[in-house]
Amino acid sequence: MRIEQHDYDVIVIGAGGAGLRAAIETRERGLRTAVVCKSLFGKAHTVMAEGGIAASMGNANPHDDWQVHFRDTMRGGKFLNNWRMAELHAREAPERVWELETYGALFDRTADGKISQRNFGGHQYPRLAHVGDRTGLELIRTLQQKVVSLQQADFAEHGDHEARLKVFPECTVTDLLKDAPDGRIAGAFGYWRESGRYLLFRAPAVVLATGGIGKSFKVTSNSWEYTGDGHALALRAGAALINMEFVQFHPTGMVWPPSVKGILVTESVRGDGGVLRDAAGRRFMFDHVPEVFKDAYADTEDEADRWYEDPENNRRPPELLPRDEVARAINTEIGEGRGSEHGGVFLDIATRLSPDEIRRRLPSMHHQFRELADVDITAEMMEVGPTCHYVMGGVEVDPDTAASGVPGLFAAGEVAGGMHGSNRLGGNSLSDLLVFGRRAGIGAADHLAGAGRPAPRESDVDDAARRAERPFEPAAGDAENPYALHAELQQVMNDLVGIIRTGEQVRDALRRLRELDGRARHLAVEGNRQFNPGWHLALDLRNMLLVSECVARAAVQRTESRGGHTRDDHPGMVAEWRRTLLACSLGRDGVRVDEQRQPPVRPDLLELFAADELRKYFTDEELAG
Ligand code: FAD
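The following refers to the structure shown. A quick note: this is a predicted structure, and the numbers were derived from the prediction, not measured. (Residues numbered from 1 in each chain as written. Predicted model: local features only at pLDDT ≥ 70, side-chain atom pairs only at ≥ 80, totals over all residues. Heavy atoms only, no water.)

**Quick notes on the pairing of strand 13 (residues 247-254)**
Extensive coverage of strand 13 is indicated by the burial of eight of its eight residues. Taken together, the six bridges between strand 13 and strand 16 (residues 382-391) define a ladder with antiparallel strand orientation. Across the sheet, residue glutamine 248 finds its bridge partner in strand 16, namely tyrosine 390. (Buried < 20%, exposed > 50% of the residue type's maximum accessible area, 1.4 Å probe, protein only. Helix = DSSP H or I, 4+ residues; strand = E, 2+ residues; numbered from the N terminus. Pairing = 2+ DSSP bridges.)

Have a look at this one:
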């Protein structure tokens, strides 16, 4: 079989914020870089980001600095975060935002001309730089503009725009290739979505920047690309995934009409003053402030409302608790019968800001509700409920270099694990993409210095092509339809491994996943490889099933509740579990989960917290140490 072939120094898989920032770095370091993305160039989750990018620039409150941001991030993740990643992220985020301005970004401004920063859940000070509620669009536009300017420089020097940086849009990578079974990265195998033609990339370094896994769940804010491809590619290549039990359910997705269920309602609505109400109009979040956050959150409406004008002398409104807390609270209200007609609760901005202010600060939300739900949010409340939004788990990486355990394989952005611990704070993803996208680019460049040019094995390329063909030649037996199987998978994950789980439910999910996995061998698609969405989904399902198994296996093993993992049969947070990470790897017998010790937090970082607070999270032995 003749396969289109390309040689590069670095392959970046994914063209969202993490991938583009990594590619800019490798190209600026003189490396020939390919950016491969399965969607159109510019269509990634990054473009959908609404509320903003978190960075302690101190524009809205001069007390903000990287230490406060670090503290908030660790608290949000319930101290399960990789502390070194959280430190690098907090220290470097402001520089990455200012750098975006040098690429041409135009953020909203304060009255005195600085970048405006807004409030978000779990952030002590207003910290999210934003462009209305369309921040991701500006981020992607700016990074793409930087790519184009680098390509223009290459044209001036080499007479070829794509001499050192080329984008392969609408091209899906299905396999990573190595030079020996346990060896170094040597390239990647994929196909053009339109023609179905195969491609082989040869390169000594690959940066995974493929985003998350949300399409394994029925109700999600994520779009069709989020099928866990990068997670599965890394596993199959021999890397480990950590923290897969932690899946973030954003508290506010649309619930009505059914066709738009799950679409995100940005946290900026609450950051800008929006409050949550039950069916009787009661502001219920005051009933749901957990013990660990009691000191920092208001217990009356008066104090909560005063905070917007005078944050120094009042405590924060409980609507701005971290997302896991708010999502659980909404779930409880609905479960106990105080929810709305369509199974949600109400989000009220109409009584809190003037119509003009709502249209100015939240233009996308105004448009979204008017067009999709026939609701005018300047006059009416929004009906909202939890939606699967983000995966905290991902490829285990070195915090400084973004290197995985496989030589030559790097990961950044949502596909990487560790940074956010058990729960991500809003706004901390866009900053994560830039900080660790850049670091992954540097890591890949440094790796290249001593890497040589490992060659993919021909037999592996043949195997990758054969695997891709399987849905055209399914195993004997009843043929399975990829759309039907996908719907069943989403239902299982939603019902049994969702926002609240029990051990029994997750074990049931594992049984069903095994059964679905068996049936997946009989996936059958008609026609040929030319633009064939059924075939694309059949290939994606292989990844979704594998990654869902990791989520379920880790969820059954962690017998506590923390952040984005709530076990109804183990409702408390257990200090001993804080220092244990669950690492998934792929062995001969399938997915295995190993317990792994967290590295102890560096003492100077621990000193940023009061002893009383640490006692809520750490074991006596750790505290004594
Ligand atoms: P993405 O931006 O999703 O890019 C992934 C890329 O990988 C895409 O180009 C995709 O095509 C490609 N890809 C995937 N699989 C393959 C494959 N097999 N082969 C080739 N290419 C592949 N975070 C914030 O910090 N602030 C916010 O305000 C915010 N708002 C959000 C609003 C919404 C509606 C959503 C869904 C998320 C929001 N987030 C926000 C989260 C944040 O947007 C994402 O976590 C982040 O953009 C992920 O970036 P990424 O670069 O890791 O992946």
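**As for the packing of helix 14 (residues 482-496) against helix 15 (residues 503-520)**
Describing two packed helices takes the angle between their axes plus the distance from one axis to the other. Relative orientation of the contacting elements helix 14 and helix 15 amounts to 170 degrees, with a least axis distance of 9 Å. It follows that helix 14 is roughly antiparallel to helix 15 by the angle criterion. Contacts from Leu485, Glu488, Leu489, Val492, Met493, Asp495 and Leu496 in helix 14 reach Gln505, Val506, Asp508, Ala509, Arg512, Leu513, Leu516, Arg519 and Ala520 in helix 15. (Axes fitted to C-alpha atoms, helices over the stretch in contact; angles between N-to-C directions. Parallel < 35°, antiparallel > 145°, perpendicular 65-115°, else oblique. Contact = heavy atoms within 4.5 Å.)

**Examining the nonpolar core**
In this structure, Ile11, Phe107, Phe168, Leu176, Leu208, Val395 and Leu409 are the most contacted members of the largest nonpolar core, which totals 133 residues. Looking at this core, the element that brings in the most residues is helix 16 (residues 533-557), giving 15 residues. In this structure phenylalanine 107 touches Ile53, Val97, Leu100, Glu101, Ile115, Ala129, His130, Val131 and Thr135, once residues within four positions along its chain are discounted. Counting 27 residues, the second largest nonpolar core, distinct from the first, contains Phe293, Val326, Ile349 and Leu353. (Core = buried A, V, L, I, M, F, W, Y, C linked by side-chain atoms within 4.5 Å.)

**Topic: the sheet that holds strand 7 (residues 165-168)**
On the basis of which strands lie adjacent, the open sheet formed by five strands has the order 7-3-2-11-18 and parallel pairing. The two strands at the open ends of the sheet, each matched to only one other strand, are strand 7 and strand 18 (409-411). Averaged over all pairs of adjacent strands, the angle between strand axes in this sheet comes to 20 degrees, irrespective of strand direction. The pairing of strand 11 (residues 205-208) with strand 18 spans three bridges and is parallel. Residue pairing in the sheet places valine 206 in a bridge with leucine 409 of strand 18. On top of the sheet, helix 12 (residues 428-449) reaches strand 2 (10-13), strand 11 and strand 18; it is set at about 165 degrees to strand 11, its chief contact.

**Notes on the packing of helix 14 against helix 16**
Between helix 14 and helix 16, the least distance of the axes is 9 Å, while the angle of their chain directions is 25 degrees. As summarised for this structure, helix 14 and helix 16 are arranged roughly parallel, according to the angle between their axes. Relative to helix 16, helix 14 is oriented so that their crossing is left-handed. Between helix 14, through Pro482, Tyr483, Leu485, His486, Leu489 and Met493, and helix 16, the contact on the second element is made entirely by Pro533, Gly534, Leu537, Ala538, Leu541, Met544, Leu545, Ser548 and Val551. (Left-handed = near helix turned anticlockwise from the far one by under 90°.)

**Describing the site of the ligand**
Lining the immediate surroundings of the ligand are 40 residues, of which Ser39, Thr46, Gly51, Tyr226 and Asp229 lie closest. Within the contact set of the ligand, a nitrogen atom lies 3.2 Å away from a backbone nitrogen or oxygen of glutamate 50. Burial of the ligand by the protein amounts to 98% of the accessible area it has alone, namely 1,000 Å². Only helix 1 (17-28), helix 2 (45-48), strand 8 (171-178), strand 16 and helix 12 provide two or more residues apiece to the shell around the ligand. The element contributing the most residues to the shell around the ligand is helix 12, with four residues. Partitioning the shell around the ligand into residue classes produces 16 nonpolar, 18 polar and six charged. (Near = heavy atom within 4 Å. Polar contact = N/O pair within 3.5 Å; in protein donor to acceptor, adjacent residues only side chain to side chain. Areas by Shrake-Rupley, 256 points an atom, 1.4 Å probe, with all protein chains shown as cover. Nonpolar A, V, L, I, M, F, W, Y, C, P; charged D, E, K, R; others polar.)

**Comments concerning the environment of lysine 178**
Looking at the element boundaries, lysine 178 is found in strand 8. By relative accessible area, which is 12% here, lysine 178 ends up buried. In the structure, lysine 178 is positioned 385 residues away from glycine 563 in sequence and 36 Å away in space, judged by C-alpha atoms. Contacts of lysine 178, omitting those with residues within four sequence positions, involve Gly183, Arg184, Ile185, Ala186, Ala237, Val406, Ala455, Pro456, Arg457 and Asp460.

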